[in-house]
There are 2 protein chains.
Amino acid sequence: MLALGASFMAVSCSKNEPTAAKPQSGLTMRAYGERSPFEKTQRGARESTKSIGVGSSRTPLQDLYGTITPSSLHFERHHAGVPVIEPAAHRLVIHGLVEQAVSFTMEDLRRFPSVTRPHFIECSGNGGGELAGNAGADASRSHGLLSNSEWTGVKLSTVLEAAKVKADAKWVIAEGADACRMARSIPMAKAMEDSLLVYAQNGEALRPEQGYPLRLLLPGWEGNASIKWLHRLHVAAEAAMTNQETAHYTDLHPDGKATIFSFEMEASSVITRPSGGQKLAGAGFHEVSGLAWSGRGKVAKVEVSFDGGANWKEAVLDGPVLPKAAVRFRIPWQWDGQPTLIASRCIDETGYVQPTRDEILAARGPNSQYHYNGVKRWSVKADGSVTSV
Amino acid sequence: MLALGASFMAVSCSKNEPTAAKPQSGLTMRAYGERSPFEKTQRGARESTKSIGVGSSRTPLQDLYGTITPSSLHFERHHAGVPVIEPAAHRLVIHGLVEQAVSFTMEDLRRFPSVTRPHFIECSGNGGGELAGNAGADASRSHGLLSNSEWTGVKLSTVLEAAKVKADAKWVIAEGADACRMARSIPMAKAMEDSLLVYAQNGEALRPEQGYPLRLLLPGWEGNASIKWLHRLHVAAEAAMTNQETAHYTDLHPDGKATIFSFEMEASSVITRPSGGQKLAGAGFHEVSGLAWSGRGKVAKVEVSFDGGANWKEAVLDGPVLPKAAVRFRIPWQWDGQPTLIASRCIDETGYVQPTRDEILAARGPNSQYHYNGVKRWSVKADGSVTSV
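Residues numbered from 1 in each chain as written. Chains lettered and ligands numbered in written order. Predicted model: local features only at pLDDT ≥ 70, side-chain atom pairs only at ≥ 80, totals over all residues.

Draft legend 1. Focus on the overall build of chain A. The number of helices and strands found in chain A is seven helices and 24 strands. In summary, chain A has a C-alpha radius of gyration of 23 Å against a globular reference of 21 Å for 389 residues, a match within 12%. Overall, the C-alpha framework of chain A stretches about 75 × 65 × 40 Å when taken along its three principal axes. Counting every position in chain A, which comprises 389 residues, the buried fraction comes to 53%. For chain A, the share of sequence-separated contacts (at least 6 apart) that also reach a separation of at least 24 residues comes to 71%. (Helix = DSSP H or I, 4+ residues; strand = E, 2+ residues; numbered from the N terminus. Rg over C-alpha atoms; globule rule 2.2 N^0.38 Å. Buried ≥ 20, exposed ≤ 12 C-beta atoms within 10 Å, placed from the backbone. Contact = placed C-beta atoms within 7 Å.)

Draft legend 2. Region of the structure containing the relation of the copies chain A and chain B. Of the transformation superimposing chain A on chain B, the axial component is 0.0 Å and the angular component is 180 degrees, with the fit at an RMSD of 0.1 Å. Classification of the inter-copy transformation places it as that of a two-fold axis. The rotation axis passes nearest to the C-alpha of P320 of chain A in chain A, at a distance of 3.5 Å. Mapped onto chain B, 98% of the interface residues of chain A again fall at the interface, so both copies present the same surface. (Least-squares fit on C-alpha atoms with pLDDT ≥ 70 in both.)

Draft legend 3. Spotlight on the interface of chain A and chain B. The interface of chain A with chain B comprises 102 residues on the first partner and 101 residues on the second. A class-by-class count of the residues in the side of chain A that touches chain B yields 44 nonpolar, 35 polar and 23 charged. (Nonpolar A, V, L, I, M, F, W, Y, C, P; charged D, E, K, R; others polar.)

Draft legend 4. View of the nonpolar core. Ranked by internal contacts, the top residues of the largest apolar core, which has 82 residues, are A292 of chain A together with V159 and L197 of chain B. Here A292 of chain A is in contact with S269, V299, V302, A326, V327, F329 and C346 of chain A, once residues within four sequence places are set aside. Residues V154, L214, L216 and W221 of chain A belong to the second largest nonpolar core, which totals 81 residues. (Core = buried A, V, L, I, M, F, W, Y, C linked by C-beta atoms within 7 Å.)

Draft legend 5. Focus on the environment of T116 of chain A. Relative to the helices and strands, T116 of chain A resides in strand β6 (residues 115–122). Taking the C-alpha atoms as reference, T116 of chain A lies 26 Å from R43 of chain A; in sequence the two are 73 residues apart.

Draft legend 6. Local environment of the pairing of strand β23 (residues 376–380) of chain A. Residue and element names in this part refer to chain A. Burial along β23 is one-sided: the residues K376, W378 and V380 are buried and none of R377 and S379 is. Relative to β23, strand β22 (residues 340–348) is paired through five bridges, and the arrangement is antiparallel. Bridge pairing links T340 to V380 in β23. (Pairing = 2+ DSSP bridges.)

Draft legend 7. Geometry of unusual backbone geometry. Residue and element names in this part refer to chain B. Put simply, Y212 and P213 share a cis peptide bond, and its omega is 5 degrees. For P213, the position within the fold is in the loop between β11 (204–205) and β12 (215–217). With an omega dihedral of -5 degrees, the bond running from G319 to P320 counts as a cis peptide bond. Residue position: P320 is located in the loop between β20 (316–318) and β21 (327–335). Of note in this structure, K324 is not a glycine but carries a positive phi near 60 degrees.

Draft legend 8. The confidence of the model for chain A, seen in detail. All names here are of chain A. Summarising the model, chain A shows a mean pLDDT of 92, and 92% of its residues fall at 70 or more. Taken as a whole, residues 1–23 scores under 50 in pLDDT and shows 48 contacts with residues more than four places along the chain or in a different chain. Scored as a complex, the prediction yields pTM 0.93 and ipTM 0.93. (pLDDT = per-residue confidence, 0-100.)

Draft legend 9. Geometry of the domain arrangement of chain A. Residue and element names in this part refer to chain A. Along its sequence, chain A is carved into domain 1 (87–259) and domain 2 (268–388). Here domain 1 and domain 2 have C-alpha centroids that lie 28 Å from each other. Residue-level contacts link 25 residues of domain 1 with 25 residues of domain 2. Listed by contribution, the elements that provide at least two residues to the side of domain 1 that touches domain 2 are β6, α2 (128–132), α3 (139–143) and β14 (251–252). The residue makeup of the side of domain 1 that touches domain 2, split by class, is 11 nonpolar, 11 polar and three charged. (Domains from an automatic or database assignment.)

Draft legend 10. Spatial organisation of the sheet that holds strand β8 (residues 171–176) of chain B. Residue and element names in this part refer to chain B. Overall, mixed pairing links the five strands, which are arranged β5-β4-β13-β8-β9 in an open sheet. The open sheet terminates on both sides in strands that have one partner only, identified here as β5 (102–104) and β9 (183–187). Taking each pair of neighbouring strands and ignoring which way they run, the sheet shows an average axis angle of 20 degrees. In terms of strand pairing, strand β4 (residues 92–96) meets β5 through three bridges, oriented antiparallel. Across the sheet, the residue bridging to I94 is V102, located in β5. (Axes fitted to C-alpha atoms, helices over the stretch in contact; angles between N-to-C directions.)

Draft legend 11. Broad picture of the sheet that holds strand β5 (residues 102–104) of chain A. All names here are of chain A. Sheet architecture is open: five strands sit in the order β5-β4-β13-β8-β9, paired in mixed fashion. Only two strands of the sheet have a single neighbouring strand rather than two, namely β5 and β9 (183–187). Shown here is a sheet whose adjacent strand axes are inclined to one another by a mean of 20 degrees, direction ignored. Examined bridge by bridge, strand β4 (residues 92–96) and strand β13 (residues 230–236) share four bridges and lie parallel to one another. Bridging across to β13, I94 finds its partner in L233.

Draft legend 12. How the structure looks around the environment of F112 of chain B. Residues and elements named next belong to chain B. Examined against the element boundaries, F112 turns out to sit in the loop between α1 (106–111) and β6 (115–122). Of the residues examined, F112 has 20 C-beta atoms within 10 Å and is grouped as buried. Apart from the residues within four sequence positions on either side, F112 is in contact with V154, T158 and V159.

Draft legend 13. Structural detail: the environment of P60 of chain A. Note on placement: P60 of chain A falls in the loop between β2 (55–58) and β3 (76–78). Residues in contact with P60 of chain A, not counting those within four places in the same chain, are T41, Q42, R43, G44, L73, S140 and G144 of chain A.

Okay, here's the thing in C-alpha cells:
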C-alpha cells in the first residue's frame, strides 16, 4: 500500500449511478482524428523577429506525459519559415567528392533499407536564458526547445555509400530548401556513424515544421545542424564555413574568441511536474517527474534533490533507456508543506554529471549563449505554487 | 556497399541549383501543428451499421512507419459512438467489495504514481475476415484493428490498493460512460498484474476515440475489454456476464458451445511493405518490413518466407523489443521479378509459433470469429502489383 495523501480517501459515494455523464449517442468515426475540444495545450512562447519566418516556438513540457512529444507540439526554430514542398517534386542531390552525382526522389529514398530510432532534438540555444539570468517561468520557457520523437528513415551512410564517396572527402555540407537555404557542415565521421535521412516521425510522414518531406537527423547533436527540408548534400574536403556555423551557433569565450563546430548536446534534465506555473493541491504524496537526455549516449542515472542541490536521491527511469533519446524519470515525494527547492541532474553512461549554473559560469564565463545544460531548480512555496529560480 | 538496384545510380544531375523548389518565405509558426496538405492517409474501411455510433475504422498499416501509431490514425471500434466528456466533471468510482467506495477526479488520478508503457491494442475481431475466406485487400483491411501507442497512466493495482479490496473479490467489472455503458468483467489477477488506468497517449491527453479522459488498458488482451471512457469499477466475487462477454466476443466451437473469457491475443504479424494495393517499381533490391506482436509477452523472432511458407528466413527486429508491444521487423530482399508469395510469422518468448490459417481451421473449425492470428500471405505479381491471398 502506497503512502498516499489522506485526501484520496475522503470522498465516498452513493450507490446510485456514479457519474455526472448523461448517456447520449456519441460522435461518429473520423478519417483523421483530433484531440478533445477540452484540450488546449499549445506550443508556447512563439517569438518572431521583424524578419518574416524567423522565430521559434516551444514544446509545453510541463503539460506532457511519457517520452514521445506529440508531433503537433514539437518545438520549432525556423530561419525562413516553413516551406510548402510537394513531395513528388522533391529531390535529394548528392554531389561533390563522389564517384557520380546522384539525385533521389522520395520513393528512391524509401526503397533503401530503413531504420526506426527514438531520438531527441534540442536546439543548442535551449536554456540560454537561464545562463543569462532570465530564468524561464515554466518548463516550456526554460527547456521547451527540446522534443523527442520516433524517427524513421535511411542511414546517411547507406546513401553516401551508394554515391561512392571519394577518399579525400571529410565533410558533408547539408542544405535545406527553405528560403534562407540553411546550410551546415557535418564531419564525415558523424555522417557515417549514426546520422539519418528522416522521412517519418511518430509513425507517419514528417511534419512540415520538422522538414517535410525530408530532414537530416544527427542524433545527440545541436538541432540546427539537423537540416530540415533537406535537398542537397555537398561532399567536400573542407567545411563550408556557412553563416550558421560562424556568425551563429558558436561558443563565445571571455577573451572574445569562439569555439566553432561544438555539436554535441551534453547531459541535461528538467523536472516537468511539479514545475513553474503549476500549483500543488496540498501537502502529502506527490510524484516528481521529468525528462532527462544526453547527446553522448544513454542516460545512466537521474538524481533529484529536495533541498536545492545539497542532497540527491536516485529517481526511477521509466521505460526503455535508449541512446540519445529522452527518458522519463519519476521519484515519490512526501511534501511536508514547507517551502522546498527541487532540482534534477542527469548522469550519462560516460560518467558525465550535469553541472550547476555556477559551474558553467566559472568554466565558460558569461558570454556563452549556446549549449547551456545547468541544473534547473524550481521553488515550491508553502501555498503549493511553483516558480522558477 | 549494399546490393541496391541499379536504378538508383541511373539519375545523374547537372551542377546547377539541384531542386525544383523555388525559394520563398515559408509559413509562420502554429500553436498546434498539422500534417502536410499533401498527406492524405486516413483510417480505412469505416463501417457503421444502422445503429447510430456502432462501427469501426482501421489503422492504415500499409502507409505507416516505425512502431508508433499516430493517435489520429488509431483504429476505432465503437458500440455507441464517441461521447464528449468534460474532464473536470468526470469521475472514476470504485465500489463493491472494497473497504470504502471512492470517487476520483482526473486530478486525483494524475496525483498517483504514474507509469509510461508502449503497448498494442488489438480488437479480437482483427483478421476475422481472413478466417471466413474474405481476405483483406490491403493491410488495413486484413490487420488494421491493431494499433500501438505509448500510454501513460496509473497502475490499476495502485488504485485498487488505495480502495482496499476485500479478500473475497475475484473480478473487477469495468463500465464505460458511452451511451451503451459498455462493460466487461476483468479477473482480479489481471487487474493486479499489469493493467493500467490510462489518461495519456503518445505524449498528450488520450484522444476522444480512445476513451478521453480515461480508459482501462489490459496489455495483450482483446481490445474490447480495455473499457474506454471508464467511469466505474465494480469489485465483485463473480463476473457480471455482460452482453459483450456472453453474446459477443466469445469463441464458438463446431459443436455449438463457446469459450468465454478468452482474453489473450496470441502472437501475430503482418508484412506492411510490400502489401496489398502497393506496386513494386521493378526487380532488384526491396526491403520487406512489417509489424509483429504478442499478447503473451515479448516477440522473440519474426521469420519471413519468399515461397508462400515453405522456407523461412529470420528478419531483423528494429528495437527496442518490449512486452505486449508491436515491433517493426525488416529483411532485405532481392526480387528476381518472378511471381512470389511473401509471408511472415511471429514467434514469441514463450516459444509459441504463429499458425497458418489451415492449422487454425483444423483446430477450431469454421465457426470461430475472434482471435484469428493466421499467417498472412501477399502475392507479388510479375508486374510488381501486390494482392491479398
